[in-house]
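One-letter residues, chain by chain:
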Amino acid sequence: MEKMLKDYMTVTQVTRECGVSARMLRYYEKLGLIESSRKEDYSYRIYDRDTVDRVKIILLLRKLRISLKDIALILRDNEQEQMLHTLRRNISEMNSEIDALTMIRDVLDCIVERLGKGSKKYSLLMDSELTEIIESIAPAKSNIQEAVTMTDVNNANEILNKNLTVRIVMLPPCTVASYRAEGENPEETVGEVVTEFVQKSHLYEKKPDARMFGFNSPDPGVLPDGLHGYEVWVTIPEDMELPAGFEKKQMKGGLYAALTIKFPEFQLWEDLVKWAENNDKYEPDWKSGPENMHGMLEEHVNWVYVASQGWPEDGIGNDGQIDLLLPIKIRE
């Protein structure tokens, strides 16, 4: 058995070799991009070498800004026609984007030159010729969707950090119902239990502003054999009775930097942390150790409302939106 397992890798081994999270692996598997297996007398999920190579190919294509939908078609196409079609289409879209950026640069050069010669900014921006050119430029496409970033391409991390749409929010102190699970897929386990709690307790009717926060507890790789834990906090009325398995806790709240992502863009945690580390006004305010994500939280937007309606995770009112919440403080 041990000899046979040498040809396979655990979740933790794959995440370390490929630099991808366990949650991302499960998402790829849910989409049918990869497959895992279980061997007799071995309780943990494992991946063969072909699957690991497949993960690396997916990651390379993502860095080339290929969508997961197109990647699925490419992986199923043995004749390479789909890949050629996708790449040609992406090249065409990038050429259009390059043309637009070139035009924007030329307009900015023109504005800078005229300002340098004494032109007034308001009259300059109302210039009919410049206005016509600017209005002809198509709005920039968002590359945040489907986890697209250029973090690892041409050192574009610096550019990305400067352009992150980060909100500064103050979370109030509140009472929460906490539920935690350990295993290969603790997020799913916790989600099912908490959804049932929300529905049976009619939480949304009692507290329409209820919110749900989650965090690794502990992080993947801390426990052996690819196991990790996940904990969820749901805000509740202070006097609410909780079912077995739940624990009532007090959430201190505080100042947070918030970045909205679309599931499963969790690699943007790194970009949010770098944004805070390089910010002139704020800096990270780590609350606890790595076993609890240093106080970082993930809020599933509208989750309690969606759960109370019995809708799927990506149903109306949620659309897979998640706020990454990084504790911060005013930089001294």
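Residues numbered from 1 in each chain as written. Predicted model: local features only at pLDDT ≥ 70, side-chain atom pairs only at ≥ 80, totals over all residues. Heavy atoms only, no water.

K.L.:
Quick question: what am I supposed to make of the overall build of the protein here?
P.N.:
Each helix and strand in the protein was counted, giving 13 helices and 11 strands. For the protein, the residues scored as buried account for 41% of the 332 residues in total. Partitioning the contacts of the protein with sequence separation of at least 6, the portion at a separation of at least 24 is 71%. Total accessible area on the protein stands at roughly 19,500 Å², and carbon and sulfur atoms take up 52% of it. (Helix = DSSP H or I, 4+ residues; strand = E, 2+ residues; numbered from the N terminus. Buried < 20%, exposed > 50% of the residue type's maximum accessible area, 1.4 Å probe, protein only. Contact = heavy atoms within 4.5 Å. Areas by Shrake-Rupley, 256 points an atom, 1.4 Å probe, with all protein chains shown as cover.)

K.L.:
I would appreciate a short explanation of unusual backbone geometry in the present structure.
P.N.:
Trans peptide bonds make up most of the peptide bonds, and negative phi angles are found at most residues other than glycine. Positive phi values are uncommon outside glycine, yet Arg 65 reaches one of about 70°. If you trace the backbone, Arg 65 turns up in the loop between helix H4 (49-63) and helix H5 (68-76). Residue Asn 302 is not a glycine yet carries a positive backbone phi of 65°. With respect to the helices and strands, the residue Asn 302 is situated in the loop between strand S10 (297-300) and helix H13 (303-309).

K.L.:
Would you mind showing me how to read the environment of Val 176 here?
P.N.:
Relative to the elements of secondary structure, Val 176 occurs in strand S4 (residues 174-183). The spatial distance from the C-alpha of Val 176 to the C-alpha of Lys 249 is 5.3 Å, given a sequence separation of 73 residues.

K.L.:
Teacher, can you tell me more about the nonpolar core here?
P.N.:
Where a protein is soluble and globular, its nonpolar side chains tend to be buried together. Core analysis: the largest hydrophobic core is formed by 30 residues, its most contacted members being Met 251, Trp 269, Leu 272, Trp 275, Leu 297, Leu 324 and Leu 326. In terms of nonpolar packing, the next biggest core, distinct from the first, is built from 24 residues, Ile 34, Ile 58, Ile 74 and Leu 75 among them. (Core = buried A, V, L, I, M, F, W, Y, C linked by side-chain atoms within 4.5 Å.)

K.L.:
Please explain the confidence of the model for the protein as it appears in this structure.
P.N.:
Any region with low pLDDT has predicted coordinates that should not be read closely. Taken as a whole, the protein shows an average pLDDT of 80; of its residues, 79% reach a score of 70 or greater. A low-confidence stretch, residues 142-162 stays under pLDDT 50, and its non-local contacts, those more than four residues away or across chains, total 39 contacts. (pLDDT = per-residue confidence, 0-100.)

K.L.:
Would you mind going over the packing of helix H2 (residues 11-18) against H4 with me for this structure?
P.N.:
Relative placement of two packed helices is described by the angle separating their axes and the distance separating the axes. With their axes 11 Å apart at the nearest point, H2 and H4 run at an angle of 40° to one another. In this view, H2 runs oblique relative to H4, as classed from their interaxial angle. The hand of the H2/H4 crossing is right-handed. When H2 is examined against H4, the residues Val 14, Glu 17 and Cys 18 are found in contact with a partner set consisting of Arg 49, Val 52, Val 55, Lys 56 and Leu 59. Taken together, the residues of the contact of H2 with H4 sort by class into five nonpolar, no polar and three charged. (Axes fitted to C-alpha atoms, helices over the stretch in contact; angles between N-to-C directions. Parallel < 35°, antiparallel > 145°, perpendicular 65-115°, else oblique. Left-handed = near helix turned anticlockwise from the far one by under 90°. Nonpolar A, V, L, I, M, F, W, Y, C, P; charged D, E, K, R; others polar.)

K.L.:
Can you walk me through empty space enclosed by the protein in this structure?
P.N.:
To find leftover empty space, one rolls a probe the size of a water molecule over the atoms. Under the criterion given, the structure shown has one cavity of 30 Å³ or more. For the largest cavity, the calculated volume is near 50 Å³. Lining the largest cavity, in full, are Val 11, Ala 22, Leu 25, Arg 26, Arg 45, Tyr 47, Glu 184 and Asn 185. Among the elements that make up the lining of the largest cavity, the one with the highest residue count is helix H3 (residues 22-30) (three residues). (1 Å grid on protein atoms, 1.4 Å probe; cavity = no way out; pocket = protein on both sides within 12 Å on 5 of 7 lines; lining within 4 Å. Points joined across faces, edges and corners; volume = space filled by probe spheres on them.)

K.L.:
What am I meant to see in the side chain of Ser 178 here?
P.N.:
Along the chain, Ser 178 falls in strand S4. Given the relative accessible area of 4%, Ser 178 is considered buried. Within the structure, Ser 178 has its side chain in polar contact with the side chain of Glu 231 (distance 2.6 Å). (Polar contact = N/O pair within 3.5 Å; in protein donor to acceptor, adjacent residues only side chain to side chain.)

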